[in-house]
Amino acid sequence: MHSNLRINDEVADALTQGRPIVAMESTIYSGMGLPSPANRECHERCDAAIRAGGAVPALTAVLDGVAVVGVTAGELDRVLEGEAKIAARDLPRALASGLGVGVTTVSATVTIAAAAGVEVFATGGIGGVHRGSELTGDVSHDLLAMSRHPVVTVSAGAKAFLDLARTLEELETLGVPVVGWNTDRFPAFYVRDSGFPVPATVRRGSDVAGMVRSAAAVGHPGGILVANPIPEADQLDPARINAALERALAEVDANAIAGPGVTPLVLAAIAEATEGDSIPANLALAENNASVAAEIAVALAAT
Ligand code: PSU
Ligand code: MN
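Reference entry: report on the structure contained in this document. Since the structure is predicted, the reported quantities are computational estimates derived from the model, not experimental observations.

With respect to the helices and strands, the residue glycine 175 is situated in the loop between helix 8 (164-173) and strand 9 (178-181). Its relative accessible area of 26% is what places glycine 175 among the partly exposed residues. Glycine 175 sits 46 residues away from proline 221 along the chain, and the two C-alpha atoms are 8.7 Å apart.

The interhelical angle for the contact between helix 5 (residues 106-116) and helix 7 (residues 141-148), taken along N-to-C directions, is 20°, at an axis separation of 8 Å. Comparing their axes, helix 7 and helix 5 come out roughly parallel. The two elements helix 5 and helix 7 cross, and the hand of that crossing is left-handed. Across the interface between the two elements, Val106, Ser107 and Val110 of helix 5 pack against His141, Asp142, Ala145 and Met146 of helix 7. Its residues assigned to classes, the contact of helix 5 with helix 7 shows four nonpolar, two polar and one charged.

This next bit is on empty space enclosed by the protein. Overall, the coordinates contain two cavities of 30 Å³ or more when judged by the stated rule. Reported here for the largest cavity is a volume of approximately 40 Å³. Lining the largest cavity are Met24, Ile28, Tyr29, Cys46, Ala122, Thr123, Gly124, Ala286, Asn289 and Ala290. Looking at the lining of the largest cavity element by element, the count peaks at three residues for helix 12 (residues 278-301). Among the residues making up the lining of the largest cavity, the classes are represented as seven nonpolar, three polar and no charged. What lines the second largest cavity is simply Leu236, Asp237, Arg240, Ile241, Thr274 and Asp277.

With that settled, the discussion passes to the packing of aromatic side chains. Summed over the entire model, instances satisfying the criterion amount to one aromatic pair. Arranged with centres 4.9 Å apart and planes meeting at 90°, the rings of phenylalanine 189 and tyrosine 190 form a pair that is edge-to-face. Here phenylalanine 189 matches tyrosine 190 in class, with each residue buried. Just above the ring of phenylalanine 189 sits the side chain of lysine 159; from NZ or CZ to the centre is 3.7 Å.

The local shell around ligand 1 holds 16 residues, among which Glu25, Lys85, Ser140, Lys159 and Thr263 are the closest. Between an oxygen atom of ligand 1 and a side-chain N or O atom of lysine 159, the distance comes to 2.5 Å. A distance of 2.6 Å is found between an oxygen atom of ligand 1 and a side-chain nitrogen or oxygen belonging to threonine 263. Protein chains shield 92% of the accessible area of ligand 1, which is 470 Å² for the free molecule. More than half of the atoms belonging to ligand 1 lie within 2 Å of the grid points that define the largest pocket. Residues that form the shell around ligand 1 fall into these classes: five nonpolar, seven polar and four charged.

For the bond from serine 36 to proline 37, the omega torsion is 5°, close enough to zero to count as cis. Along the chain, proline 37 turns up in the loop between strand 2 (21-24) and helix 2 (38-52). Positioned with a positive phi, phenylalanine 189 is a non-glycine residue whose angle comes to about 65°. The residue phenylalanine 189 is located in the loop between strand 9 and strand 10 (200-202) in this model. On the basis of relative accessible area, phenylalanine 189 is assigned to the buried category, the value being 2%. Non-glycine residue alanine 256 carries a positive phi angle of around 50°. Within the element layout of this structure, alanine 256 appears in the loop between helix 10 (238-254) and helix 11 (262-273). Given a relative accessible area of 67%, alanine 256 falls into the exposed group.

For the rest of this paragraph, the subject is the nonpolar core. One finds Phe161, Phe186, Leu225, Val266 and Ile270 to be the most contacted residues of the largest nonpolar core, which totals 59 residues. The element best represented in this core is helix 5, accounting for six residues. When residues no more than four places from it in sequence are discounted, the contact partners of leucine 225 are Ile126, Met146, Thr153, Ser155, Leu171, Val176, Pro177, Val178, Val179 and Phe186. Within the second largest apolar cluster, 46 residues are counted, among which are Ala38, Ala61, Leu63 and Val212.

Parameters and conventions
- Residues numbered from 1 in each chain as written.
- Chains lettered and ligands numbered in written order.
- Predicted model: local features only at pLDDT ≥ 70, side-chain atom pairs only at ≥ 80, totals over all residues.
- Heavy atoms only, no water.
- Helix = DSSP H or I, 4+ residues; strand = E, 2+ residues; numbered from the N terminus.
- Buried < 20%, exposed > 50% of the residue type's maximum accessible area, 1.4 Å probe, protein only.
- Axes fitted to C-alpha atoms, helices over the stretch in contact; angles between N-to-C directions.
- Parallel < 35°, antiparallel > 145°, perpendicular 65-115°, else oblique.
- Left-handed = near helix turned anticlockwise from the far one by under 90°.
- Contact = heavy atoms within 4.5 Å.
- Nonpolar A, V, L, I, M, F, W, Y, C, P; charged D, E, K, R; others polar.
- 1 Å grid on protein atoms, 1.4 Å probe; cavity = no way out; pocket = protein on both sides within 12 Å on 5 of 7 lines; lining within 4 Å.
- Points joined across faces, edges and corners; volume = space filled by probe spheres on them.
- Phe/Tyr/Trp six-rings, centres within 6.5 Å; stacked < 30°, edge-to-face > 60°.
- Lys NZ or Arg CZ within 6 Å of the ring centre and 35° of its normal.
- Near = heavy atom within 4 Å.
- Polar contact = N/O pair within 3.5 Å; in protein donor to acceptor, adjacent residues only side chain to side chain.
- Areas by Shrake-Rupley, 256 points an atom, 1.4 Å probe, with all protein chains shown as cover.
- Sits in = over half its atoms within 2 Å of the grid points.
- Core = buried A, V, L, I, M, F, W, Y, C linked by side-chain atoms within 4.5 Å.

It is worth stressing that arrangement in space is one thing and function is another; only the former is reported here.
Pasting the structure below:
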């Protein structure tokens, strides 16, 4: 029987030797997360940031019916061009049916990372509770998945096209610890402050490593969300980005899109509404998250 999980050699060696590893999702690096060629540059910069921080990058994806932890250089193009978005609930079908290429969301990545024994994961922004969810019920599975799997997620908060107040409420309901990285504010992706506070602030990788080991000691399941604001110099003007978000949401409404197609459509509409200015900001925050994730992975490996 062939295995549905493949860990590449570099990641497998690091696991055996207890060296730091940072998992990466692949939806952000596909056309559904970023337009070409920014998607490739984003992957390059995140991969380099993780290595510079002393950790091994492990890009996850589904390739030929196998959940891959550590996509190799030779496989990367297939992933960048991937068009099937795979959340955790899509994994069983994708693997059992031998899907050619599937790009993994946050929920699928924490699932696969946990299965492989990888404890830290870097993304751009997580999914969350959508505006109007009281009618549509649209809440990203990312939130529940983070509460299920013991993986630290480093994210620049979440985009304000979501209902951030409800997203934070839902994370509390699900029992996911949320900490701000050198901030007491929950960031909103392109901007450093969403207007909402975080329950606690951490200042270094060892602070998060201590939380991970403490959670395990008392049997608290699931992961931790580290909210890492975009660097000051890369932040976008909040008024401008909010106007672009409103235009993007109106476009989604007009197209009567629902389900997993919503987020990719809003992301594309935002890039268009900001005339591409959102792209450098997106790359900068993803790279910054990769660096922080590496610092946390290094601290965890030392415990
Ligand atoms: N938000 C972003 N960029 C992204 C995503 C969300 O700012 O690329 C992607 C991530 O892969 C996330 C997924 O896990 O969208 C959430 O999709 P949904 O809302 O359908 O759960
Ligand atoms: Mn959804």
